[in-house]
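Spelled out, the chains give:
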Amino acid sequence: MKIEGQFAFDGIAPPAVWGFLTEANRIAQCLPGCEKLEQNGEGSYDMQMRFGVGAISGLFSGSIRLHGLEPVSEYQMSVSGSGTPGFVKGEGTVQLTPDDTGTLLHYSGDVSAGGPIASVGQRMIGGAARMIIDQFFKCVSRKLTA
């Protein structure tokens, strides 16, 4: 399943957005359902996240790896997690571009899910993922302008 979109950080320069998005403690403050996010190496993190779609929900344990870092402008991300609701794997890219009012972030990626959570359908999973992504970026924006 493809996921892509963008978010405008008004009045916030790319280095500030980059700094937030590459620091585990700050990411964990804004990621809905995040119960644990700990760095275990350069650009690599262990995570636990509570996530649900429809009647299927539970705790996922997994990892996030940032790679292909081009500081202040782009990085790739690999995500994998599994738990009682099934499994999720994904690959994506985050790009930051300065614009007249601050920073424009564009994200794109592919996500696959299996197990019980896949039974709710890709449309519902995609909708839930976009909602979490939007909540995350709104939180980041609030924290950076506070």
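Summary of the structure given here.

So, how was this worked out
Residues numbered from 1 in each chain as written. Predicted model: local features only at pLDDT ≥ 70, side-chain atom pairs only at ≥ 80, totals over all residues. Heavy atoms only, no water. Helix = DSSP H or I, 4+ residues; strand = E, 2+ residues; numbered from the N terminus. Buried < 20%, exposed > 50% of the residue type's maximum accessible area, 1.4 Å probe, protein only. Polar contact = N/O pair within 3.5 Å; in protein donor to acceptor, adjacent residues only side chain to side chain. Contact = heavy atoms within 4.5 Å. Salt bridge = Lys/Arg side-chain N within 4 Å of Asp/Glu carboxyl O. Axes fitted to C-alpha atoms, helices over the stretch in contact; angles between N-to-C directions. Parallel < 35°, antiparallel > 145°, perpendicular 65-115°, else oblique. Left-handed = near helix turned anticlockwise from the far one by under 90°. Nonpolar A, V, L, I, M, F, W, Y, C, P; charged D, E, K, R; others polar.

### Here's the deal with the side chain of Thr103
- With respect to the helices, strands and loops of the structure, Thr103 is situated in strand E7 (residues 102–114).
- You can call Thr103 buried: its relative accessible area is 0%.
- A polar contact is formed between the side chain of Thr103 and the backbone oxygen of Ile12, at a distance of 2.6 Å.
- Apart from residues lying up to four places away in sequence, Thr103 is in contact with Phe7, Ala8, Phe9, Ile12, Ala13, Pro14, Val17, Leu96 and Thr97.

### Let's talk about the pattern of salt bridges
- On inspection of all chains with the given rule, the structure shows three salt bridges.
- A salt bridge links Lys2 to Asp110; its shortest N-O distance comes to 3.5 Å. With Lys2 in strand E1 (residues 2–10) and Asp110 in strand E7, this residue pair connects regions lying 108 residues apart in the sequence.
- Since its relative accessible area comes to 61%, Lys2 is described here as exposed.

### Remarks on the packing of helix H1 (residues 14–21) against helix H3 (residues 122–145)
- Interhelical geometry of H1 versus H3 gives an angle of 120 degrees and a closest axis separation of 11 Å. As summarised for this structure, H1 and H3 are arranged oblique, according to the angle between their axes. As for the relative orientation of H1 and H3, their crossing is right-handed in sense. Along its contact with H1, which presents Ala16, Val17, Phe20 and Leu21, the element H3 presents Phe136, Phe137, Val140, Lys143 and Leu144.
- Across the contact of H1 with H3, the residue classes break down as eight nonpolar, no polar and one charged.

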